[in-house]
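Structural characterization, general
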Amino acid sequence: MSLEKKYLFGKLKFLWVLAVIFSFVVFVRLFHIQIINHKHYLEEAESNRTHVIYKVAPRGRIFTEDNVIIASNGPTFSLYYLPNARKNIKYLNELAEDISKKINKNKDEIFASLKKANDTKRAVLLGDNLSPKSIYTYAELKDAIPNIEFIENTKRFYPFDNMASHLIGFIGVIDKKDWQDQYIKSNYRYDNKIGQSGIEKRFEKYLKGRDGGVFLEIDSKGRVKNIMQSRSWRPGADVHLTLNHKLQQVAEEGLKKSISGLGAVVVMNPQNGKILAIASAPSYDLNKFVSYYDENPSGYVNTGIMEYNLAVKGLYPPASVFKILVSIAALENNIINKEDEVLCKGSLWLGNREFGCWKTHGKTNFWDALKHSCDVYFYTLAQKMGAFLIEKYQNKFHLSEPTYIDMEGEKASYTFGPKERFDRKGYWYAGDNLNMCIGQGELLITPIKMAQFISAVANGGKLWKPYYVDKIVSQNGKTLFAEKEKLLGDAKIKLETKQIMDKALKNVVDAGTGWAVNMRGVDVMGKTGTAQNPHGEDHGWFVAYANLPDEEPEIVVVVFVQHGKSGSSGAGPVARKILNEYFKDRV
């Protein structure tokens, strides 16, 4: 064989070997794709042409006891970008600029979302919580950009804006760390909104529904070809409260129109702890936390002090309302002769210190002392009783403990007395006794604790845990949660003491400092209190329990008005409005 033929033969042999090797590689690769990893590549191909867009389920509604919806849901729209085959950065930049002008959103944010969509081949959310009225404006985007889609969604809506705002609470987007640590395990997505405070937070697991979604078939240009599957959402469970809508409305309006417009109201059934109304002023508009994007693009809500719930967090001196406890302690221990008189000259001297009364009352017995809130009478009574007995009755009524109402951040009231002072290695002075007996000094109490205490006075000593949720019901009618009445303690007021206190406190309303709350056909037992305030105008308290003649007390009203000047003029008119509303169809 010639050298030239040998060379050609060798070259053909080499090419043949290369062809065999190449064919083998192709065979192995096809075998790998079609046999071994068939499922994986099928799923990847499927994912490249299908996109899942979630639809947020409506949260459960919140009802008052009289079946008024105070938290519901409204319509909203979400704007999605469906990635296509074009990955050119210049194209994405131009697209981001066009979209940003339409939806009033930062161009760089939009560009990052578009790039993420193309990199991951997944639909991304460009705009959320868009109002129905803006949909026509945004519709121009869809005409210009085929791979833009609008999806109908739901958003939280509060029909009465501020009503019971501190109780209901607000919702917001999940914190990223919380989502990773906690919520991702419960099938929450990072962009889900959850309860951040109040009922919305406490009952999140019931209120949240099951989200729905649509499976879209997409072509290479990012256009929707077909809706392959649609999964319906399932709304969350409904929360039924013990609150009465009208009483809540009257309480909030009363506070708003009070002398300062600041304070708290608690209305409770004294026989079981059921909350009929609870308000804190100023309140805040819950809808601001779920406003449409086009109405508030920044999403920023500045509520500041308005989020502070005075009803459960506000600590103030009980002032003359505390005389109720001092009176009960004295009556229970036979220290009072109700007809004995004390001469009030407008003040009482203890050593070289003068303790004043708000006016000169002259000769005053027990009935008059409560009716006209005479401090000098109670100074004298406190000297007879001694501070240890008053401190003992603070403990009998659990005044130093919280009420244990299921509301975030409740503060325990602060009581004081000689034993407490000695435990702190402090001293007790005779003047401390006089301050304590009129509800001043170091005594501090919250409005919700005051309501629990006055309820115990009304019912003979029972201390009920306040509650505001009656039941939670699923959409198919199944009761998922029901609150139970809970007795926390019993001060066991003697029947005779109870009858005396009823008469004395009714006198306060009929002909004393509580005259502003006097009502025809209703027995109202009440007490005013004016808490000293070194930082401005004094605060006003009015507390009352009431019933129809010859019946058991059925309502307790506690009104606290910051800087209200006095209990009778500052807080009394608010209490009267509430009682009028409660009894209006029965007298």
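For the structure itself, look to the data block above.
Below: a short report on this structure. Residue indices begin from 1 for each chain and proceed along its sequence in written order. This being a predicted model, a pLDDT of at least 70 is required before a residue's local features are given, and a value of 80 or more before pairs of side-chain atoms are given or counted; all residues contribute to the totals for chains, interfaces and linings. In computing side-chain values, all of the structure's heavy atoms are included and hydrogens and water are not.

**Looking at the environment of Ala546**
- Runs of E in the DSSP output that reach at least two residues are strands. Runs of H or I that reach at least four are helices, and both are numbered from the N terminus. Within the secondary structure, Ala546 sits in strand S22 (residues 539-547).
- Accessibility here uses a 1.4 Å probe with only protein chains present; expressed as a share of the type maximum, an area under 20% marks a residue as buried, one over 50% as exposed, and anything in between as partly exposed. Residue class for Ala546 comes out buried when judged on its relative accessible area of 0%.
- Separated by 10 residues in sequence, Ala546 and Val556 place their C-alpha atoms 6.7 Å apart.

**A few points about the pairing of strand S10 (residues 238-241)**
- Here S10 shows a buried face lined by Asp238 and His240 and a second buried face lined by Val239 and Leu241.
- Across 4 bridges, S10 lies against strand S18 (residues 469-473) in antiparallel orientation. Each residue of the ladder has a partner; that of His240, found in S18, is Lys471. In this scheme, strands are said to pair when DSSP sees at least two bridges between them.

**Overview of the side chain of Thr513**
- With respect to the helices, strands and loops of the structure, Thr513 is situated in the loop between helix H19 (495-511) and strand S21 (523-531).
- In this structure Thr513 comes out as buried when scored by relative accessible area, which is 11%.
- Any pair of N or O atoms that falls within 3.5 Å is considered a polar contact. Within protein, one atom must be able to donate a hydrogen and the other to accept it, and sequence-neighbouring residues count only if both atoms are side-chain atoms. A distance of 2.8 Å separates polar atoms of two side chains, one belonging to Thr513 and the other to Thr528.
- We call two residues in contact when some of their heavy atoms are within 4.5 Å. Once you skip the residues sitting within four places of it in the chain, Thr513 turns out to touch Trp358, Lys371, His372, Ser373, Val508, Lys527, Thr528 and Ser568.

**Looking at empty space enclosed by the protein**
- Any residue with an atom within 4 Å of a point lines the site, the site being either a cavity, points on a 1 Å grid over the protein atoms alone where a 1.4 Å probe fits but cannot get out, or a pocket, an open set with protein on both sides within 12 Å along at least 5 of 7 lines. Grid points are joined across faces, edges and corners, and a volume is the space filled by probe spheres set on the points. This model, assessed by the stated rule, comprises 2 cavities of 30 Å³ or more.
- Roughly 90 Å³ of volume is contained in the largest cavity.
- The wall of the largest cavity is formed by Pro318, Val321, Phe322, Leu399, Ser413, Tyr414, Thr415, Leu443, Leu444, Ile445, Met450 and Phe453.
- Considered class by class, the residues forming the lining of the largest cavity number 10 nonpolar, 2 polar and no charged.
- A volume near 70 Å³ is recorded for the second largest cavity.
- Lining the second largest cavity are 14 residues, and of these Ala164, His166, Ile278, Ala279 and Ser280 lie nearest its centre.
- If you list the elements that add at least two residues to the lining of the second largest cavity, you get helix H6 (165-168), helix H10 (245-256) and strand S12 (275-281).
- Among the residues forming the lining of the second largest cavity, the class breakdown is 6 nonpolar, 7 polar and 1 charged. Classes in brief: Ala, Val, Leu, Ile, Met, Phe, Trp, Tyr, Cys and Pro nonpolar; Asp, Glu, Lys and Arg charged; the others, Gly included, polar.

**Some details on the layout of surface pockets**
- Taken as a whole, the largest pocket encloses approximately 860 Å³ of empty space.
- In terms of lining residues, the largest pocket is bounded by 38 residues, among which Tyr54, Tyr80, Leu125, Arg189 and Asp191 are the most central.
- In terms of residue count, the dominant contributor to the lining of the largest pocket is strand S1 (residues 50-55) (5 residues).
- Per-class residue counts for the lining of the largest pocket are 13 nonpolar, 13 polar and 12 charged.

**A closer look at the packing of aromatic side chains**
- Aromatic pairing here means that ring centres of Phe, Tyr or Trp (its six-membered ring) are within 6.5 Å. Orientation follows from the plane angle: under 30 degrees is stacked, over 60 is edge-to-face, and everything else is tilted. As enumerated under the stated definition, the model contains 15 aromatic pairs in all.
- Both rings, one in Phe397 and one in Phe453, keep their centres 5.1 Å apart while their planes meet at 90°; by these two values the pair is edge-to-face. One end of the pair, Phe397, is in the loop between helix H15 (387-396) and helix H16 (418-423); the other, Phe453, is in helix H18 (residues 447-459), with 56 residues separating them in the sequence.
- Given a relative accessible area of 1%, Phe397 falls into the buried group.
- Phe453 sits in the buried class, given a relative accessible area of 3%.
- A centroid spacing of 5.5 Å and a plane angle of 45° characterise the contact between Phe416 and Trp428, whose relative ring orientation is tilted. On the criterion of sequence distance, the pair formed by Phe416 in the loop between H15 and H16 and Trp428 in the loop between H16 and helix H17 (430-437) is long-range, its members being 12 residues apart.
- Each member of the aromatic cluster is reached from another via a ring pair, and the members are Phe170, Tyr284 and Phe289.
- Its end group placed over the ring of Trp233, Lys55 keeps NZ or CZ at 5.5 Å from the ring centre. Only when the NZ of Lys or the CZ of Arg is both within 6 Å of the ring centre and within 35 degrees of the ring normal is a charge said to sit over the ring.

**With respect to H15**
- The complete set of buried residues in H15 reads Ala387, Leu389, Ile390, Glu391, Tyr393 and Gln394.
- Note on H15: the residue one or two positions beyond its end, His398, has a positive phi of about 55°.

**Notes on the pattern of salt bridges**
- In the sections that follow, a salt bridge refers to a side-chain nitrogen of Lys or Arg positioned within 4 Å of a carboxyl oxygen of Asp or Glu. Here the structure, examined in full by the defined rule, presents 22 salt bridges.
- Between Lys115 and Asp119 there is a salt bridge, with its nearest N and O atoms 3.0 Å apart. Remark: Asp119 and Lys115 occur in helix H4 (residues 107-120); sequence separation between them is 4 residues, near one turn of the helix.
- Judged by its relative accessible area of 34%, Lys115 falls in the partly exposed class.

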